[in-house]
Amino acid sequence: MACVLETPLRMSVLSEVTASSRHYVDRLFDPDPQNVLQGVMLLYLLQQETSSTELKTECAVVLGSLAMGTENNVKSLLDCHIIPALLQGLLSPDLKFIEACLRCLRTIFTSPVTPEELLYTDATVIPHLMALLSRSRYTQEYICQIFSHCCKGPDHQTVLFNHGAVQNIAHLLTSTSYKVRMQALKCFAVLAFENPQVSLTLVNVLVEGELLPQIFVKMLQRDKPIEMQLTSAKCLTYMCRAGAIRTDDTCIVLKTLPCLARMCSKERLLEERVDGAETLAYLIEADIELQRIASITDHLIAMLADYFKYPSSVSAITDIKRLDHDLKHAHELRQAAFKLYAALGANDEDIRKKIIETENMMDRIVNGLSESSIKVRLAAVRCLHSLSRSVQQLRTSFQDHAVWKPLMKVLQNAPDEILVVASSTLCNLLLEFSPSKEPILESGAIELLCSLTQSDNLALRVNGVWALMNMAFQAEQKIKADILRGLSTEQLFQLLSDSDVNVLMKTLGLLRNLLSTRPHIDQIISTHGKQIMQAVTLILEGEHNVEVKEQTLCILANIADGTTAKELIMTNDDILQKIKYYMSHSNAKLQLAAMFCVSNLIWNEEEGSQDRQDKLRDIGIVDILHKLSQSSDPNLCDKAKTALQQYLA
């Protein structure tokens, strides 16, 4: 939208600007284009060199009021290029005008419709804002607020860090203005989040003789405002997770964790309870000791059950405002509770048991899996995944509540982030001791998992193969045949040549599970033998790590254990030479795996063993066995002696 006016401005317009802001606010969004144009004059006046500073300041104030309206207001202002106009205003020597421009910029940047990138387009803006920090408490408050809203991700953190954000903002934590202290604190929270470079710098920053972590600890004491306690706890949490503060440091164990647990209590506002639970979940997520401490702090596990009781019962419905507020936060509360339960139960069996025994817990998770809010669904799946690591719970609660049903439903057409966690959970439900395994198979899981193995998303490929591997473990022939049919030979080889080692390892694990028990080995080798041997050859010749090659040799040992399948190895001189090569390898694991192949080929009680023994003697295998029977490695020595006995029997 062009902001060009060529007709001279009437004096009445100027007096209107200062006299009645409302008039302009009304006009900017008037259906009559003529009136809209008059409203756009504000921006025009703001940029005119001939306008007085007082007039420009007033224009910035009115535009700020305008930006506080609807999101459409902000969009219209952005379309009129308000941001470059206000940033230009920051070059003025007049402090009042600068403050008005910053206040308006703060309002615009804190709107959800404003792209953060607009702050970083011009490389001169950030250093100029840093320089303006010293001008007044208002410039400090607004600039810190702009930074904390526009710092999204590592690239923004790096820009702010490289322009001296830490040094320029640190001293503001001791400002006499509460608002300045608060905005500075929020800045440090967003700067430190998942950023080791910033966090390790913050640990050593001194402000008036005190280290920053000590200042943060003071700010999370009970006598401080809740907002300050929460934000300080976030700063310490993020620094801890980024590796700058140890998880067993007293400032985490005795200060940060208890502060966040306090935020989860009934006395706190719903927003504070959400924030407290989510931050605590993030703090303890990767540390078993913090999980144990949190689980016994302030009856946290029972306290979180209350998060599911919103909106409140019928008695409260008389208060419509309250009901509206409860409804708005109800899904956020459930999401936060699921997240924290997931973090608490990540490692400890006793904690998982306590969580599952909390009132109606499994029903709540099952309901959460089918909620309309994608965030709640994701958190519920995470919680289920965390609890599914428990053998005991897989056999009891998971079966009693048939959680596999809603989980299979979640896996249909879900976004990738939900699919990744849901498929990880399915891997656990498919373990051999889980009673859910049978019904999951009957509900079409093979087809679903085979399709996951073709995903572009690495985590989904890994989980798809992993779940099939668990499914194939000690499975009946029909299931194995269904898996091979579902995967197709082509896809199996695609997975065996995947660039990711996890996909490769899980695919080898799947093959190993498919090739177990003799009738199954012979059956699969009769249909897929040629291709499997091709893949084995390629892997043993390729540049792969010891684990990959060991798993591949174990597959050969399984084939060697078949009745008719053995012949596939015995008639393949290339493979026999490879087995011989790995028997003399420098790595004992690979030697041992190669010897399993030999033992299975020469076992006396089996038909044709004499011919196989003779052939292996002819290619020099017996000489290697004699050498290995003198090995200092007891495993190798025993295995070699056992194999040699087959020749003597």
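Structural notes, computed from the coordinates. Treat the numbers as computed from the prediction; the structure is a model and nothing was measured.

### Regarding the overall build of the protein chain
Moving on, step 1. Across its full length, the protein chain carries 40 helices and 2 strands.
Moving on, step 2. Whereas a compact globule of 649 residues would reach a radius of gyration of roughly 26 Å, the protein chain reaches 34 Å, over 25% beyond that.
Moving on, step 3. Taking the principal axes of the C-alpha coordinates as reference, the protein chain spans close to 115 × 60 × 55 Å.
Moving on, step 4. Sorting the 649 residues of the protein chain into buried and exposed places 55% on the buried side.
Moving on, step 5. Nonlocal contacts in the protein chain, meaning residues at least 24 apart in sequence, comprise 66% of its contacts between residues at least 6 apart.
Moving on, step 6. Accessible area for the protein chain stands at about 29,400 Å²; split by element, carbon and sulfur atoms hold 52% of it.
Moving on, step 7. Both charge centroids of the protein chain, one from 63 positive and one from 76 negative side chains, sit 4 Å from each other.

### Things to note about unusual backbone geometry
Moving on, step 1. Non-glycine residue N360 carries a positive phi angle of around 55°.
Moving on, step 2. By secondary structure assignment, the location of N360 is in the loop between α21 (349-356) and α22 (361-368).
Moving on, step 3. The backbone of S488 shows a phi angle near 70°, a positive value even though the residue is not glycine.
Moving on, step 4. Among the secondary structure elements, S488 is positioned in helix α31 (residues 477-496).

### Description of the environment of W466
Moving on, step 1. Inspection of the secondary structure puts W466 in helix α30 (residues 458-472).
Moving on, step 2. When its relative accessible area of 35% is taken as the criterion, W466 is described as partly exposed.
Moving on, step 3. Every residue in contact with W466, bar those within four places of it in the chain, is listed here: C427 and K506.

### Here we look at the pattern of salt bridges
Moving on, step 1. Applying the stated criterion across every chain, the model contains 30 salt bridges.
Moving on, step 2. Here D348 ties to R292 by a salt bridge, and the two come within 2.8 Å at their closest N and O atoms. On the criterion of sequence distance, the pair formed by D348 in the loop between α20 (320-344) and α21 and R292 in helix α18 (residues 288-295) is long-range, its members being 56 residues apart.
Moving on, step 3. Under the relative-accessibility criterion, D348 is labelled buried at 10%.

### Observations concerning the environment of E543
Moving on, step 1. With respect to the helices and strands, E543 occurs in the loop between α33 (518-541) and α34 (546-560).
Moving on, step 2. Residue E543 is classed as exposed on the basis of its relative accessible area of 83%.
Moving on, step 3. Note: C-alpha distance between E543 and I320 (223 residues apart in sequence) is 67 Å.

### Considering helix α27 (residues 416-429)
Moving on, step 1. Here α27 spans 20 Å end to end across 14 residues, near enough to the 20 Å set by a 1.5 Å rise per residue.
Moving on, step 2. Along α27, the residues classified as buried are I418, L419, V421, A422, S423, S424, T425, L426, C427, N428 and L429.

### Let's talk about the packing of aromatic side chains
Moving on, step 1. For the structure shown, the criterion picks out 7 aromatic pairs.
Moving on, step 2. Measuring from ring centre to ring centre gives 5.5 Å for F193 and Y282, while their planes differ by 45°; the resulting arrangement is tilted. Of this pair, F193 sits in the loop between α12 (178-192) and α13 (196-203) while Y282 sits in helix α17 (residues 270-284), and the two are 89 residues apart along the sequence.
Moving on, step 3. For F193, a relative accessible area of 33% translates into the label partly exposed.
Moving on, step 4. Put simply, the rings of F193, Y238 and Y282 touch in pairs and so form one group of aromatic residues.
Moving on, step 5. Taking NZ or CZ as reference, R241 lies 4.4 Å from the ring centre of Y282, over its face.
Moving on, step 6. Here K506 stacks its cationic end above the ring of W466, 4.3 Å away from the centre of that ring.

### Notes on the nonpolar core
Moving on, step 1. F188 and L344 are the most contacted members of the largest nonpolar core, which has 230 residues in total.
Moving on, step 2. Considering every element that reaches this core, the biggest residue donor is α20, with 10 residues.
Moving on, step 3. Not counting residues within four places of it along the chain, the set of residues in contact with F188 comprises V166, I169, A170, L173, L202, L212, F216 and C235.

### A few points about the side chain of D500
Moving on, step 1. By the element assignment, D500 lies in the loop between α31 and α32 (501-514).
Moving on, step 2. Although buried, D500 forms no salt bridge, and the nearest oppositely charged side chain, R461, lies 6.3 Å from it.
Moving on, step 3. Here D500 is in contact with L458 and V462, once residues within four sequence places are set aside.

### Observations regarding the packing of helix α9 (residues 137-150) against α12
Moving on, step 1. Packing of α9 against α12 brings their axes to within 8 Å, and their N-to-C directions diverge by 25°. Between α9 and α12, the crossing angle belongs to the class labelled roughly parallel. The handedness of the crossing between α9 and α12 is left-handed. Residue-level contacts link R137, Q140, E141, C144, Q145, F147 and S148 of α9 to K179, V180, Q183, A184, K186, C187 and V190 of α12.
Moving on, step 2. Here the residues of the contact of α9 with α12 are counted per class, giving 6 nonpolar, 4 polar and 4 charged.

Reading the values: the criteria
- Residues numbered from 1 in each chain as written.
- Predicted model: local features only at pLDDT ≥ 70, side-chain atom pairs only at ≥ 80, totals over all residues.
- Heavy atoms only, no water.
- Helix = DSSP H or I, 4+ residues; strand = E, 2+ residues; numbered from the N terminus.
- Rg over C-alpha atoms; globule rule 2.2 N^0.38 Å.
- Buried < 20%, exposed > 50% of the residue type's maximum accessible area, 1.4 Å probe, protein only.
- Contact = heavy atoms within 4.5 Å.
- Areas by Shrake-Rupley, 256 points an atom, 1.4 Å probe, with all protein chains shown as cover.
- Lys, Arg positive; Asp, Glu negative; His and termini not counted.
- Charge placed at Lys NZ, Arg CZ, Asp CG, Glu CD.
- Salt bridge = Lys/Arg side-chain N within 4 Å of Asp/Glu carboxyl O.
- Expected span 1.5 Å × (residues − 1).
- Phe/Tyr/Trp six-rings, centres within 6.5 Å; stacked < 30°, edge-to-face > 60°.
- Lys NZ or Arg CZ within 6 Å of the ring centre and 35° of its normal.
- Core = buried A, V, L, I, M, F, W, Y, C linked by side-chain atoms within 4.5 Å.
- Axes fitted to C-alpha atoms, helices over the stretch in contact; angles between N-to-C directions.
- Parallel < 35°, antiparallel > 145°, perpendicular 65-115°, else oblique.
- Left-handed = near helix turned anticlockwise from the far one by under 90°.
- Nonpolar A, V, L, I, M, F, W, Y, C, P; charged D, E, K, R; others polar.

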